[in-house]
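Here is how the chains run, residue by residue.
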2 protein chains.
Amino acid sequence: MTSPSPNVPDAGLLSRFAALVGPSYAVTDAEALTPYLKESRGLYHGTTPMLLKPGTVDEVAAILKLASETGTPIVPQGGNTGHVAGGMPREAGGDLMLSLERLTRIHAIDPTGNTLTCEAGCVLADIQRAADGVGRLFPLSLGSEGSARIGGLLSTNAGGTAVLAYGNMRQLCLGLQVVLPTGEIWNGLRRLKKDNTGYDLRDLFIGAEGTLGVITAAVLKLFPRPRGHQVAFTGLSSVEDALALFERAADRAGPALTGFELMPRIGVDFTSRHIPGVRDPLPSAHPWYALIDISTADSAEGAQALMLAILEEGHEAELVRDAVVAASDAQAQALWHMRESMSPAQKPEGGSIKHDLSVPVAAIPAFMAAADAAVLKAIPGARICAFGHMGDGNIHYNISQPVGADTQAFLARWREINAIVHAIALDLGGSISAEHGIGQLKRDELAEVRGGIEIALMQRIKAAFDPAGIMNPGKLLAMSSQA
Amino acid sequence: MTSPSPNVPDAGLLSRFAALVGPSYAVTDAEALTPYLKESRGLYHGTTPMLLKPGTVDEVAAILKLASETGTPIVPQGGNTGHVAGGMPREAGGDLMLSLERLTRIHAIDPTGNTLTCEAGCVLADIQRAADGVGRLFPLSLGSEGSARIGGLLSTNAGGTAVLAYGNMRQLCLGLQVVLPTGEIWNGLRRLKKDNTGYDLRDLFIGAEGTLGVITAAVLKLFPRPRGHQVAFTGLSSVEDALALFERAADRAGPALTGFELMPRIGVDFTSRHIPGVRDPLPSAHPWYALIDISTADSAEGAQALMLAILEEGHEAELVRDAVVAASDAQAQALWHMRESMSPAQKPEGGSIKHDLSVPVAAIPAFMAAADAAVLKAIPGARICAFGHMGDGNIHYNISQPVGADTQAFLARWREINAIVHAIALDLGGSISAEHGIGQLKRDELAEVRGGIEIALMQRIKAAFDPAGIMNPGKLLAMSSQA
């Protein structure tokens, strides 16, 4: 007779957890669990004995208290749109899942103070709409905004397409409510722009991928809704030219430059081929493209004049080979849709080895040249589709398999290619994860590339906040002995 | 025979510390120590057996290593311009001081990536000039910028007059180098806009007031230098009208609104009376004033048009009673000089009880009304000179003594009045320290006003980073048993 591993909760313990939320919110049915266990890139296959759906912060607290007392691992999950398996339970473990999906109340909107206070299960698109409803902008925007939830976006410090002007999730949050692993509730739901009263607990929980506690509510920053908005799509000869154009645009537009997205020719090919409704906006082909997004507070004319000035200057400097300016909101959305389809458009082309890295902005051309050479040496015929947020130094350096190659054999080289590409980025002072985080995917690599003292400090923080080691074990940091 | 307290270093230990920096950089002479022991408000009188002036990060590391091994308390000091005695040694203790003043190298400026990497002893004004030299802006600006140093500004998460558009020091820093209490060096000097790789150590050291380690270098963000700049000074009837004008200005200007500073009539009286060169810019008196600062990236005309639009709209809405727009840089500087003289101008008027608090922006009128009533009830005849960064919700709620009152008797009520005013701010969801920090001045009050779990988490972080309790003891958190 074998007893279950100490970390796999037995039936008695499971029913104690279920009782905390009520039977209809404690899911054990395999079919009902399927969507929660599906990981975006199909690299991980987690299992769980139970998924809990608390409806209040007090229920979250009760769950974590019981988990700490019984040493039960808890994996919080938001909209399950992450790319590093940070919200996935482990394959063989008995991790309980905690979904935030019922915590969807908007507590308050203050258009004078420009804040919105909401629960962590709110979907990003709903928050954008709520802000719009009071004449304000919540600027965070990304492909999965229709399902990503605020708690997950905070826990991964999400980025997206408006970071250049507005910052990522860390910069868009003023206050948090967090349930600690012990079940205690930290109420830091402050609506203050300035508050210098001790250590910055807020930013410690943001980006911690649920390993230090569960974010249950947040105060988000709102902004005036810009009156002017212009989007242009430009054809360019090289990454060097894209960088030079970015510099000029940033200098001319300042904070009105709300997006500068780099795309390669192959990305335009892929999207035109596979994404319904997408077509190449320019009459002839160019090696590179930049999508330029301008927002101005005061007037529509201001944005128009600014965009024309940038394009004229770029044309005179022989940087812009051709350009089209969106003449309507629908056209602007179509250009953005092409950019946001860069990743999905790679799927029909076979396997894709992905990177989410950053380098200092000025180092992007050097990075691209070195990475391209190294990747093509390792995998001749590989189709490099590197695109991303040029103004943030953030490149999604994705590599589609050679035409006709074996997909599984190609994908088997994921770690090998990661190591090559990451080494080049690190050499240039870059990072192996710009906006997606660490999760399970890059956990071991993080420990390798970061100095011992940095990982040691993180482990000390983890031990100080979660002595029982129950919070999202196996993510971000290597597992402690308890978990 | 009595031995010195374990925390007061004996002569042998002092000479070991002195040997680490060389005799000319280990100061024990009372006269030479005087400027380092002078505290801006004269509320604290620290003593020290020795001040060390390391010239390299390795010397800082050697000092902290020896301090940790011997349990010697270390108080880091930047430009000694703080307002909460955070860089002052304790009165009776044997705290050694560590000045950053020799770490003044600028390592690199990257105008494309908009970063500047420098040592922590650099003076803010020198950094502003270095950025200007490559056509860029380092926006942090405050009254003491001629002596405040980068390390201190980071350790206090300094604010100042440009926070509205650019954020405070936390938002202006990309990377740090920190010497840990153990003498280990964390090299986090990253120049990346996006880097989601683990817990946010950077923001933990920023604002920690030197209690977790010594910041020795930083990567700062630069910005394009605005082409347009306009400053206006407006006369207003009430704080409510100031708030309404702020809302309109923020909506119209968006990120181009780089300053919105509230001043009371009495502040204009004080500055006109006591500060050479300052005169009331408007022909008749108004109860309140707002200084509006506009910066535009693209053109000087843009700023001009925007300022005129804001003032016209404010006039039509009967918010702006009178206004003057600076016609030259010199006039703009004169208006800012009046604003920055609000605090020094109170000195000749006798004792001043000060507050640096924040509330949600929309709550400023309610705060002012309640605080004024409570203060005048407690001290009839008190002259309230409340001014500050309205757009940040940050009010320097200063109270000058009644005319003819006894200064010492008035100042003896500092804590009593603080308690009254802070309670009103906290009731409105505010903070007892918006930008100056906690230091010694507000340490005990912080522990009172914050929930136990918040202080407990901070203490756990402190213990995890500084087990020997040597770093700036008695600041921010109550002293641990070791220190």
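See the structure printed just above.
Residues numbered from 1 in each chain as written. Chains lettered and ligands numbered in written order. Predicted model: local features only at pLDDT ≥ 70, side-chain atom pairs only at ≥ 80, totals over all residues. Heavy atoms only, no water.

Comments concerning the environment of Y25 of chain A
No. 1: Along the chain, Y25 of chain A falls in the loop between α1 (11–21) and β1 (26–27).
No. 2: For the pair Y25 of chain A and G277 of chain A, spaced 252 residues apart in sequence, the C-alpha to C-alpha distance is 40 Å. (Helix = DSSP H or I, 4+ residues; strand = E, 2+ residues; numbered from the N terminus.)

Some thoughts on the relation of the copies chain A and chain B
No. 1: After a rotation of 180° and a shift along the axis of 0.0 Å, chain A superposes on chain B with an RMSD of 0.0 Å. Given the turn and translation reported, the copies of this chain are related as if by a two-fold rotation axis.
No. 2: In this assembly, 100% of the residues forming the interface of chain A have copies in chain B that are likewise at the interface, indicating an isologous arrangement. (Least-squares fit on C-alpha atoms with pLDDT ≥ 70 in both. Contact = heavy atoms within 4.5 Å.)

Some details on the interface of chain A and chain B
No. 1: Between chain A and chain B, the contact holds 79 residues from the first and 79 residues from the second.
No. 2: Taken over both partners, the interface formed by chain A and chain B buries close to 6600 Å², and the fraction arising from carbon and sulfur atoms is 56%.
No. 3: It is K194, N196 and Y199 of chain A in chain A that bury the most area against chain B; as a group they hold 16% of the surface buried on that side.
No. 4: For the pair chain A and chain B, the interface holds 12 salt bridges.
No. 5: Among the salt bridges present, the one from D392 of chain A reaches K194 of chain B, with a minimum N-O distance of 3.5 Å.
No. 6: At the surface where chain A touches chain B, the tally comes to 40 residue pairs in polar contact (both at pLDDT 80 or more).
No. 7: Contributions of two or more residues to the side of chain A that touches chain B are made by β9 (185–188), α7 (201–205), α8 (239–253) and α16 (452–465) of chain A.
No. 8: Element by element, the count of residues in the side of chain A that touches chain B is highest for α16 of chain A, at nine residues. (Buried area = accessible area lost by both parts, 1.4 Å probe. Salt bridge = Lys/Arg side-chain N within 4 Å of Asp/Glu carboxyl O. Polar contact = N/O pair within 3.5 Å; in protein donor to acceptor, adjacent residues only side chain to side chain.)

Section: the pairing of strand β19 (residues 394–400) of chain B
All names here are of chain B.
No. 1: Of all seven residues in β19, seven are buried; the element is thus mostly enclosed.
No. 2: In β19, alternate side chains face the same way, and those of N394, H396, N398 and S400 on one face and I395, Y397 and I399 on the other are all buried.
No. 3: Where strand β17 (residues 357–358) and β19 come together, two bridges link them in antiparallel fashion. When the sheet's bridge partners are listed, S358 is paired in β19 with N394.
No. 4: Here strand β18 (residues 383–389) pairs with β19 via seven bridges, running antiparallel. Bridge pairing in β19 places A386 opposite Y397.
No. 5: Joining the antiparallel neighbours β18 and β19 is a turn of four residues, in which G393 adopts a positive phi near 70°. (Buried < 20%, exposed > 50% of the residue type's maximum accessible area, 1.4 Å probe, protein only. Pairing = 2+ DSSP bridges.)

Examining helix α14 (residues 414–427) of chain A
Residue and element names in this part refer to chain A.
No. 1: The end-to-end C-alpha distance of α14, which contains 14 residues, comes to 20 Å, matching closely the 20 Å that a straight helix rising 1.5 Å per residue would cover.
No. 2: Among the residues of α14, W414, I417, N418, V421, H422, I424 and A425 are the ones counted as buried. Projection of α14 onto a plane perpendicular to its axis shows the buried side chains occupying an angular sector of 155°, all on one side.
No. 3: Remark: G429 follows α14 within two positions and exhibits a positive phi of approximately 80°. (Expected span 1.5 Å × (residues − 1). Arc of directions from axis to C-beta.)

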